[in-house]
Amino acid sequence: MHRESIPRVVTKLLFPFLLLFALYVQFHGELGAGGGFQAGVIVAATLILFGLIFGLRAAHLVAPPWIIETMIPLGVLIYGGVGVAGLLAGGNFLDYFVLDHDPVHGQERGIFWVEAGVLITVSSTMVAIYYAFAGRGR
Amino acid sequence: MTLQHLPALQVVVPLLAAPLCALLRRPTLAWAWATLVSWAALVIAALILTQVLTTGPISYWIGNWQPPWGIEYRIDTISAFMLVLVTGIGAVVMPYARVSLAAELPADRLPWYYTMYLLCLAGLLGMTVTGDAFNVFVFMEIASLSSYVLIAMGPSRRALMAAYQYLILGTIGATFYIIGVGFLYLMTGTLNIADLAERLPLVENQRPIIVGLAFIAVGLSLKFALFPLHFWLPGAYAYAPSAAAAFMAATATKVAVYLLLRFFFTVFGEAYPLPDMAIPVIWIGLSVAGMILASVMAIYQDDVKRMLALSSVAQIGYITLGIGLDSEVGLTGSVVHLFNHGITKGALFLLVGGIALTTGTVTIASLSGIARRMPLTMAGIVIAGMSLIGIPGTAGFVSKWYLILGAIEEGWWWLAAVIVASSLLAVVYMGRILEAAYLRPAPPGQEAREMPLSMLIPAWILVIGCVWFGLDTDLTADIAGRAAHALLGRAP
């Protein structure tokens, strides 16, 4: 048995709920407080908590560094890609009105993907910073 | 259809190419991608320039939100001219960068370098095309943050210290700028540059506006290293990788000067003429101090890159001098010198970077007798050096000619004499390089070799540019004249 069994068990129990809460914050963003940035920080906090309790190596198994390093530019690309999608759909750059037949739905759809891009980049950047600091001593 | 989206594509292409470049991870692949994007950006800039010259300023509504509520990209003669300079330097430096950077950086950092370079390019282009004062700040941060990283990647450990110094002063500069914009927003309720220009006359002679102007002027002066605010520059350019130093010396400070022109003339020009604000006096004083003192400091440098960087501070003095003259001829000189100094200093940094490839740091002592080993490189330095001094037939002469004309037009003969005197100081510091390279004997065991063609050709393109734009002033001086005319608000 490990000496720190309480933090370990609690972390395992909390893990799915923290991620679920992140998703709630992500999708609730357009209606109230929240959004991609906050949700991204919660996702990253979940992974950092996991890393603190179970060690860096376990965290690397859950979220391999190469995936994290790929996610950082990927989120930016999704964000910018929404702008380019507006361009391809016949509007100006960053024009979300043309993304759907109904302009309001178009705006909604544009924001959805922008927030998705923010979530991906913010969460992976935070985790990458943690990996960089935690990996320094080794 | 695509033509109408050129203003957005000018920024979006390098901006989105940067994260793609980060995904590539293979040095050669990342280099090829960044080079391709740089050339695409140059093509876009050239198309924009021809469009602006034939049909007048372009306005582009980002997200189809109508200005002044939405962000507007607005390109007139001077911004199109700046776009061509920035992308042109980028397109010339990139082919050079592959060999030079491979020698200076560890291989695993190269893809990150190209990513940061593309971000820096996107930021500089964004600062130029945007017609929104806050948007300028956003792009300024993109360009600055990426250039801190570019400098910190330099081969010696001192690069970190230089990047840190630049980070602190650059951040103060950007903060001052945004505080100034905040004051303007407070008084006018708008961030759109054209709208600001329209509304400022309504709030004439209010103290917050003047404070705002002061913050913007000092903030931007820090960014382009006006004489007493230049301390970050020599270290930053001396320790950055050679390709980064050449790119930034030729573009980064120039774009900040462009913004200053924008604010001084487009935004404030009508409601707050510069002479009323006593700006010309301060401006000419600082410019002259920079031209003389920075040149004198350059004479005493042993590190050649530091010498060139200090010479940049002096050359910035010429550019701001033209602004202080507040006349069409003076301003033409300023705008033309933005371009001419860009290619001249770019050429010199590329050539010195080639010497650094074999000798490490380039000091006056390490140059001894190097002309026999690297005749083409040194010949390039001679020609670019002549352009720096301003010898007739070179690009540098054209801009200094306009500045001297501007000074004489005001009846300030002493100022014309100062310009000539400062040029003579340039003869001294360039002379030190040439004396060491041509007249001193080579130390035994010197292993310097001519740099590879992939570096020599880009450097020589800029060297030829120094002569070309000295003889054929149609492109540069004409466009600069039109830009100056438009800036001073006399029907474009």
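**Some points on the overall build of chain B**
Along the backbone of chain B there are 19 helices and two strands. Taking 2.2 N^0.38 as the reference for a compact globule, 492 residues should give roughly 23 Å; the C-alpha atoms of chain B span a radius of gyration of 21 Å, in line with that estimate. The proportion of buried residues among the 492 residues of chain B is 61%. Excluding contacts between residues fewer than 6 apart, the proportion of contacts in chain B whose partners are at least 24 apart in sequence is 80%.

**Describing the overall build of chain A**
Helix and strand content of chain A: five helices and zero strands. Traced from its N-terminal end to its C-terminal end, chain A shows the element sequence α-α-α-α-α. Taken over C-alpha atoms, the radius of gyration comes to 18 Å for chain A, far larger than the 14 Å a tight globule of 138 residues would show. With the principal axes as the frame, chain A shows a C-alpha extent of 60 × 30 × 20 Å. Residue burial in chain A is summarised as follows: out of 138 residues, 34% are buried.

**Quick word on helix 1 (residues 5–28) of chain A**
Turn by turn, an α-helix covers 3.6 residues, leaving residues three or four places apart pointing in a common direction. Residues and elements named next belong to chain A. Helix length check: helix 1 (24 residues) gives 34 Å between terminal C-alpha atoms against 34 Å at 1.5 Å per residue, within 8%. Along helix 1, the sharpest change in direction is near 35 degrees and occurs at Leu-14; proline Pro-16 comes one to four residues later. Within helix 1, the full set of buried residues consists of Ala-22, Val-25 and Gln-26.

**Quick word on helix 12 (residues 304–325) of chain B**
Residues and elements named next belong to chain B. With 22 residues, helix 12 should cover 32 Å at 1.5 Å per step; its first-to-last C-alpha distance of 32 Å lies within 8% of that length. Of all the 22 residues making up helix 12, 22 are buried; the element is thus mostly covered by neighbouring parts of the structure. Following helix 12 by one or two positions, Asp-326 has its phi on the positive side, about 55 degrees.

**A short note on the environment of His-60 of chain A**
Counting through the fold element by element, His-60 of chain A comes out in helix 3 (residues 56–62). Separated by 72 residues in sequence, His-60 of chain A and Ala-132 of chain A place their C-alpha atoms 12 Å apart.

**Quick look at the environment of Ala-22 of chain B**
Turning to its location among the elements, Ala-22 of chain B is positioned in helix 1 (residues 6–24). The exposure class of Ala-22 of chain B is buried, given the 23 C-beta atoms found within 10 Å.

**A word on the nonpolar core**
Residues and elements named next belong to chain B. Core analysis: the largest hydrophobic core is formed by 206 residues, its most contacted members being Ala-34, Leu-118, Ile-151, Ala-240, Ala-347 and Ala-459. The element best represented in this core is helix 10 (residues 242–267), accounting for 20 residues. Excluding anything up to four places from it in sequence, Ala-459 contacts Tyr-96, Ala-347, Leu-350, Leu-351, Gly-354 and Gly-380.

**Describing unusual backbone geometry**
Most peptide bonds are trans, and most residues other than glycine sit at a negative phi. Residue and element names in this part refer to chain B. Of note, the bond from Pro-67 into Pro-68 is cis; its omega dihedral lies within 30 degrees of zero at 5 degrees. Relative to the helices and strands, Pro-68 resides in the loop between strand 1 (58–61) and strand 2 (72–75). Look at Arg-25: it is not a glycine, yet its phi comes out positive at around 65 degrees. On the secondary structure map, Arg-25 appears in the loop between helix 1 and helix 2 (27–55). The class for Arg-25 is partly exposed, based on 15 C-beta atoms found within 10 Å.

**Some details on the environment of Pro-64 of chain A**
Residues and elements named next belong to chain A. Tracing the backbone shows Pro-64 in the loop between helix 3 and helix 4 (65–88). You can call Pro-64 exposed: it has 11 C-beta atoms within 10 Å. Along the backbone, Pro-64 and Pro-7 are 57 residues apart, and their C-alpha atoms lie at a distance of 23 Å.

**Some words on the confidence of the model for chain B**
Model confidence for chain B is summarised by a mean pLDDT of 89, while 99% of its residues fall at 70 or above. We note a pTM of 0.93 for the whole complex and an ipTM of 0.87 for its interfaces.

**Considerations on the packing of helix 6 (residues 158–188) of chain B against helix 8 (residues 207–224) of chain B**
All names here are of chain B. Two elements in contact, helix 6 and helix 8, have axes whose closest approach is 7 Å; the angle formed by their N-to-C orientations is 155 degrees. It follows from the interaxial angle that helix 6 and helix 8 lie roughly antiparallel. Taken as a pair, helix 6 and helix 8 cross one another with a handedness that is left-handed. For the contact of helix 6 with helix 8, a count of residues per class yields 20 nonpolar, five polar and one charged.

**Here's the deal with the packing of helix 12 of chain B against helix 13 (residues 328–359) of chain B**
Residue and element names in this part refer to chain B. Contact pair helix 12 / helix 13: the axes reach a minimum separation of 8 Å and the direction vectors enclose 170 degrees. With respect to helix 13, the axis of helix 12 lies roughly antiparallel. For the pair helix 12 and helix 13, contact is made by Val-304, Lys-305, Leu-308, Ser-312, Gln-315, Tyr-318, Ile-319, Gly-322, Ile-323 and Leu-325 and by Gly-330, Leu-331, Gly-333, Ser-334, His-337, Leu-338, His-341, Lys-345, Leu-348, Phe-349 and Val-352, respectively. Of the residues in the contact of helix 12 with helix 13, the class split is eleven nonpolar, eight polar and two charged.

**So, the confidence of the model for chain A**
Summing up the model confidence of chain A, the mean pLDDT is 88 and the portion of residues at 70 or higher is 96%. The spread of mean pLDDT over the elements of chain A runs between helix 1 of chain A, the lowest at 90, and helix 2 (residues 36–54) of chain A, the highest at 93.

Definitions and cut-offs
Residues numbered from 1 in each chain as written. Chains lettered and ligands numbered in written order. Predicted model: local features only at pLDDT ≥ 70, side-chain atom pairs only at ≥ 80, totals over all residues. Helix = DSSP H or I, 4+ residues; strand = E, 2+ residues; numbered from the N terminus. Rg over C-alpha atoms; globule rule 2.2 N^0.38 Å. Buried ≥ 20, exposed ≤ 12 C-beta atoms within 10 Å, placed from the backbone. Contact = placed C-beta atoms within 7 Å. Expected span 1.5 Å × (residues − 1). Bend = angle between axes of the 7 residues up to and from the residue. Core = buried A, V, L, I, M, F, W, Y, C linked by C-beta atoms within 7 Å. pLDDT = per-residue confidence, 0-100. Axes fitted to C-alpha atoms, helices over the stretch in contact; angles between N-to-C directions. Parallel < 35°, antiparallel > 145°, perpendicular 65-115°, else oblique. Left-handed = near helix turned anticlockwise from the far one by under 90°. Nonpolar A, V, L, I, M, F, W, Y, C, P; charged D, E, K, R; others polar.

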